[in-house]
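# Coordinate inspection notes
One letter stands for each residue in the lines below.
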Amino acid sequence: MSVIQIVLLLIVAGITGIGSVVDEVQTHRPLVACTLVGIVLGDIQTGIILGGTLEMMALGWMNVGLAMAPDTAIASFISTILVINSHQGIGEGIAIAVPLAAAGQALTIFVRTITVFFIHKADEMAKKGNYKGIERAHLLAMSLQALRVMIPTLIISLISATAVQNFLSSIPEVITRGLQIGGGIIVVVGYAMVINMMDVPYLKPFMYAGFLFAAFTNFNLVGFGALGLIAAMIYLQLKYNGQPQVAAAPAGVVFDDDDDDLDA
């Protein structure tokens, strides 16, 4: 692994770590994180396949109240680096990702506990009207989340591929095979959750049409994505273009559309 690749991995790892607490651009999701690692390491196909598999496993992982979900950021990054550098299969990647997600969960709780100190500092700065101090407190707290993923990534990047390959080869097949089967079951559950969210009557014909195209054509995923986009555009045009246009108000006439129930 070259120095440029290590630097790029650290940059992406920092963005992924911050994204795991910001939850806006979803950079911590396995499909995004694994794909970015695959691009940096020159094996985007493995990154996408592993990311898609882990994404379906982690589809139901979310923070609910004080319950902290397993960490997808560290699991995605480290497993993809190890799989690509040691030329292992997706099953080995799942076997690595599952314990890493649990370890990352504990590390996330530890880092978030430390950030409480910066929150109290931000409160003190707010009382003093020090806006710059508030910004520094938030940036320091986010930098800890970035380091949470960057430091393990740096350690794994500096380990030789031969040592990693020997370690992965030493894992008993019964463990890797069992985790692979378990991961496949969880993937099925993930697909079921997606279909359940799509349980809308007017969307079902598109889903059935997709199954028919998959069964009787040789379309790949790119073709299906383009076909789905075209179907969505046609549906939106047929739904909204046929609606009657609102007539313009005559000159000097003002309509009151305020539906506020609190009006006197």
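It should be emphasised that the depicted structure is a prediction, and the values quoted were computed from it without experimental measurement. (Residues numbered from 1 in each chain as written. Predicted model: local features only at pLDDT ≥ 70, side-chain atom pairs only at ≥ 80, totals over all residues. Heavy atoms only, no water.)

The next thing to look at is the overall build of the chain. Secondary structure assignment for the chain yields ten helices and zero strands. Buried positions account for 30% of the 264 residues belonging to the chain. The long-range fraction of contacts in the chain, counting pairs at least 24 apart against all pairs at least 6 apart in sequence, stands at 74%. For the chain, the exposed surface amounts to about 16700 Å²; the carbon and sulfur share of it is 69%. (Helix = DSSP H or I, 4+ residues; strand = E, 2+ residues; numbered from the N terminus. Buried < 20%, exposed > 50% of the residue type's maximum accessible area, 1.4 Å probe, protein only. Contact = heavy atoms within 4.5 Å. Areas by Shrake-Rupley, 256 points an atom, 1.4 Å probe, with all protein chains shown as cover.)

Okay, the pattern of salt bridges next. Inspection of every chain in the model, using the stated rule, returns one salt bridge. For Glu124, the salt bridge goes to Lys121, with nearest N and O atoms at 3.8 Å. Residue Glu124 and its partner Lys121 are both found in helix H5 (residues 90–128); the two are separated by three residues, about one turn of the helix. Classification of Glu124 as partly exposed rests on a relative accessible area of 39%. (Salt bridge = Lys/Arg side-chain N within 4 Å of Asp/Glu carboxyl O.)

Attention shifts here to the environment of Ile48. For Ile48, the location among the structural elements is in helix H3 (residues 44–57). The spatial distance from the C-alpha of Ile48 to the C-alpha of Val32 is 8.2 Å, given a sequence separation of 16 residues. Leaving out residues up to four positions away in the same chain, Ile48 has contacts with Leu31 and Thr35.

Moving on to the packing of aromatic side chains. Centre distance and the angle of the planes are the two values used to describe a pair of aromatic rings. Under the definition given, this model contains two aromatic pairs. A centroid spacing of 5.4 Å and a plane angle of 75° characterise the contact between Phe117 and Phe118, whose relative ring orientation is edge-to-face. A relative accessible area of 48% places Phe117 in the partly exposed class. An angle of 85° between the planes, with centres 5.8 Å apart, marks the rings of Phe206 and Tyr235 as edge-to-face. Within this pair, whereas Phe206 is found in helix H9 (residues 204–216), its partner Tyr235 is found in helix H10 (residues 221–240), the two being separated by 29 residues in sequence. Residue classification places Phe206 among the partly exposed residues on the basis of a relative accessible area of 39%. You can call Tyr235 partly exposed: its relative accessible area is 26%. (Phe/Tyr/Trp six-rings, centres within 6.5 Å; stacked < 30°, edge-to-face > 60°.)

In this section: H3. Taking 1.5 Å of rise per residue, 14 residues should cover 20 Å, and H3 covers 20 Å from first to last C-alpha, within 8% of that figure. Within the sequence span of H3, burial applies to Thr46, Gly47, Leu50, Gly51, Thr53, Leu54, Glu55, Met56 and Met57. (Expected span 1.5 Å × (residues − 1).)

A few words now on the nonpolar core. Ranked by size, the top nonpolar core spans 17 residues in total, and within it Leu9, Val37, Leu41, Phe77, Ile81 and Val149 carry the most contacts. Per-element tally for this core: the top contributor is helix H4 (residues 72–86), with seven residues. Sequence-distant contacts of Leu41, defined by excluding residues within four places in its chain, comprise Met1, Gln5, Leu9, Ile81, Ile84 and Asn85. (Core = buried A, V, L, I, M, F, W, Y, C linked by side-chain atoms within 4.5 Å.)

On to a nonpolar patch on the surface. Nonpolar side chains collect at one region of the surface, where Val3, Ile4, Val7, Leu8, Ile11 and Ile15 lie side by side and expose about 570 Å² of accessible area between them. The residue Val3 is located in helix H1 (residues 3–22) in this model. (Patch = residues over 30% accessible without salt bridge, like charges linked within 9 Å, V, L, I, M, F, W, Y side chains within 5 Å.)

In a pair of packed helices, the angle between the axes and the distance between the axes together describe the arrangement. Look at H4 against H5: their axes get within 8 Å of each other, and the N-to-C directions meet at 145°. In this structure, H4 crosses over H5, and the sense of that crossing is right-handed. For the pair H4 and H5, contact is made by Ile74, Ala75, Ile78, Ser79, Leu82 and Val83 and by Gly93, Ile96, Ala97, Leu100, Ala101, Gly104 and Leu107, respectively. (Axes fitted to C-alpha atoms, helices over the stretch in contact; angles between N-to-C directions. Left-handed = near helix turned anticlockwise from the far one by under 90°.)

Model confidence for the chain is summarised by a mean pLDDT of 76, while 76% of its residues fall at 70 or above. Helix H2 (residues 30–41) holds the highest mean pLDDT among the elements of the chain, 85, whereas helix H7 (residues 161–169) holds the lowest, 66. This stretch, residues 260–264, has a pLDDT under 50; its non-local contacts, to residues over four places away or in other chains, come to one contact. (pLDDT = per-residue confidence, 0-100.)

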